[in-house]
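Next come the chains, spelled out residue by residue.
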Amino acid sequence: MIQLIRGFKDILPGEAELWQEIERVSRDLFESFGFKEIRIPVMEKTELFARSIGEHTDIVEKEMYTFPDRKGDLITLRPEATASIVRSYVQHKMYAADPVRKFYTIGPMFRRERPQKGRYRQFYQINAEVIGVDAPYIDAQLIFLLATLLERLKVTDVAAHINSLGCPECRPAFREALTALLDGKKERLCEDCARRSGTNPLRVLDCKVPACREAMADAPSLLEYLCEGCKAHFDSVQRSLNRLGVPFVIDKKLVRGLDYYTRTTFEIQTGALGAQSAVAGGGRYDGLIKMLDGPDTPAIGFAIGLDRLAEIVGLRQADLEKKPRLFIAALGDACAEKAFDWICRLGLAGVHAEMDMADRSLKSQMKQADRCGADLVLILGESELASGSAVLRNMRTKEQAAVVIDDQTAARLLAHIQ
Ligand code: ATP
Ligand code: MG
């Protein structure tokens, strides 16, 4: 038997309904706030991710699925969506007509990480990105959208963590202070951190290894290094969140794994997922569009981990399951032909009806009706056909109704159902 690839998974019916509901609620919310859907390819030139995400990040160093295609060009299965969205914005010169664009996209991402609960090699994200707005209002609006979405999906036990990563003006001083601190602690850090303390010292701040956490306990906070502009921006985000009633905690250890982040950065964390505590993450990336050969345009976005979200939503699968409204127990060919016509007509009218197609006994058809959970059952045998009337039984209320059998029966059934 061929099994799926390690770290990949099937979303089976039964779970997929939950995913659909999450996607539906997300789309509704995004559309209400003026976001437009964008669909980008799952593969891009490797160069796009290497350049935008940054060489000294976990993603680029060890997690990307990169292959030479048949001509030898390096291509990569997308590990995230932002780089592709920006590529598309620049490539199609979307800034020319209107530099302000709000996008959302939902789809699979690929990272070759160690598979475990909440961590897959193909996983799904819901992304939202706003390009062209500098104002801190938009930072607050995105965090507000995340909080609202989680509330609508009945997720509890979540907290919004926020921080500011500064800008190219103020971050270097912080980086220097951090590097100086790390120089004295290299031997206490994990292998990854010891290596990246020189190239990506900010990353050490959010390493989950206990020894690194201890070593970084007295690390300086970027918030103490913010320039006037970054400080005013961050203060304004907080004021807006307070006015909107969105609770948050300032988390000076929150840094993001990707190089392109500036200023506001945020993460939604939960206690419900064990070690994989981040449900969503995002932040500003004011430098990325220029870095990808577009105009110097600010931007901000977030990504929600759909797999992790599906694990913690408070929705009940039973409420989302779709069952047929009607089961027709038809006996014999002549009855089955009629039943078949009716279920097709009902389906066209948007009503799911089922029948037995294996010529089973009445008893086993009634069992089948019960198993599929249909509320209504119509029994159609030779005598019903001859008398021109059949009984429609409501399995919950036990009520019965007579239905005339003629060329209008499908419409009659529809009237009973709606
Ligand atoms: P983590 O710290 O958990 O590795 P990350 O910082 O790498 O997360 P992002 O790149 O910010 O994650 O992606 C946003 C969200 O996508 C995460 O908050 C998480 O919910 C989800 N996510 C990231 N990697 C995976 C994965 N391998 N499997 C499932 N979900 C993931
Ligand atoms: Mg990661």
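Residues numbered from 1 in each chain as written. Chains lettered and ligands numbered in written order. Predicted model: local features only at pLDDT ≥ 70, side-chain atom pairs only at ≥ 80, totals over all residues. Heavy atoms only, no water.

To continue, consider the overall build of the chain. Looking only at helices and strands, one finds 18 helices and 16 strands in the chain. Taken over C-alpha atoms, the radius of gyration comes to 28 Å for the chain, far larger than the 22 Å a tight globule of 418 residues would show. The 418 residues of the chain split such that 51% are buried. Within the chain, contacts between residues at least 6 apart in sequence are counted, and of these 69% link residues at least 24 apart. (Helix = DSSP H or I, 4+ residues; strand = E, 2+ residues; numbered from the N terminus. Rg over C-alpha atoms; globule rule 2.2 N^0.38 Å. Buried < 20%, exposed > 50% of the residue type's maximum accessible area, 1.4 Å probe, protein only. Contact = heavy atoms within 4.5 Å.)

Let's shift gears to the pattern of salt bridges. In this structure the tally under the stated criterion is 23 salt bridges. A salt bridge links Lys117 to Glu311; the shortest N-O distance between them is 2.7 Å. In this pair, Lys117 sits in the loop between strand 5 (101-110) and strand 6 (122-131) while Glu311 sits in helix 13 (residues 306-312), placing the two residues 194 residues apart along the sequence. Classification of Glu311 by relative accessible area gives partly exposed; the value is 41%. What you see here is one network of salt bridges that share partners, running through Glu61, Lys62, Asp192 and Arg195. (Salt bridge = Lys/Arg side-chain N within 4 Å of Asp/Glu carboxyl O.)

Looking now at the nonpolar core. Membership of the largest hydrophobic core comes to 93 residues, with the highest contact counts inside it found for Leu142, Leu153, Ile304 and Leu309. Of the residues forming this core, the biggest block, eight residues, is contributed by helix 6 (residues 136-152). Among residues more than four places away in sequence, those in contact with Leu309 are Ile22, Leu150, Leu153, Val155, Val279 and Ile304. Membership of the second largest hydrophobic core comes to 22 residues, among which are Ile343, Met355, Val403 and Leu413. (Core = buried A, V, L, I, M, F, W, Y, C linked by side-chain atoms within 4.5 Å.)

Take the packing of aromatic side chains next. Two aromatic rings are characterised by how far apart their centres lie and by the angle between their planes. Inspection of the entire model under this criterion finds eight aromatic pairs. For the ring pair Phe174 and Tyr225, a centre distance of 5.5 Å and an interplane angle of 70 degrees mean the geometry is edge-to-face. Taken as a pair, Phe174 in helix 7 (residues 171-183) and Tyr225 in the loop between helix 10 (210-215) and helix 11 (228-244) lie far apart in primary sequence, 51 residues in all. Taken together, the aromatic side chains of Phe30, Phe35, Tyr104 and Phe302 make up a single cluster linked through ring pairs. (Phe/Tyr/Trp six-rings, centres within 6.5 Å; stacked < 30°, edge-to-face > 60°.)

Attention now moves to the domain arrangement of the chain. Each assigned domain of the chain is listed with its residue range as follows: domain 1 (15-170 + 226-317) and domain 2 (323-417). The C-alpha centroid of domain 2 is placed 49 Å from the C-alpha centroid of domain 1. (Domains from an automatic or database assignment.)

Each regular strand carries side chains that alternate between the two faces of the sheet. Taken across its five residues, strand 14 (residues 376-380) has five buried, putting it largely inside the fold. On strand 14, burial covers both faces: Leu376, Leu378 and Leu380 on one face and Val377 and Ile379 on the other are all buried. Sheet topology places strand 12 (residues 326-330) next to strand 14; five bridges connect them, and they run parallel. The residue bridging Phe327 from the neighbouring strand is Val377, located in strand 14. Note: strand 14 against strand 15 (residues 389-394), four bridges, orientation antiparallel. Across the sheet, Leu376 pairs through a bridge with Asn394, a residue of strand 15. (Pairing = 2+ DSSP bridges.)

What follows covers the packing of helix 6 against helix 11. Here helix 6 crosses helix 11 at 45 degrees, and the two axes come no closer than 8 Å. Between helix 6 and helix 11, the crossing angle belongs to the class labelled oblique. Crossing hand, helix 6 versus helix 11: right-handed. Residues Pro136, Tyr137, Asp139, Ala140, Ile143 and Phe144 of helix 6 pack against His233, Ser236, Val237, Ser240, Leu241, Arg243 and Leu244 of helix 11. Residue composition of the contact of helix 6 with helix 11, grouped by class: eight nonpolar, three polar and two charged. (Axes fitted to C-alpha atoms, helices over the stretch in contact; angles between N-to-C directions. Parallel < 35°, antiparallel > 145°, perpendicular 65-115°, else oblique. Left-handed = near helix turned anticlockwise from the far one by under 90°. Nonpolar A, V, L, I, M, F, W, Y, C, P; charged D, E, K, R; others polar.)

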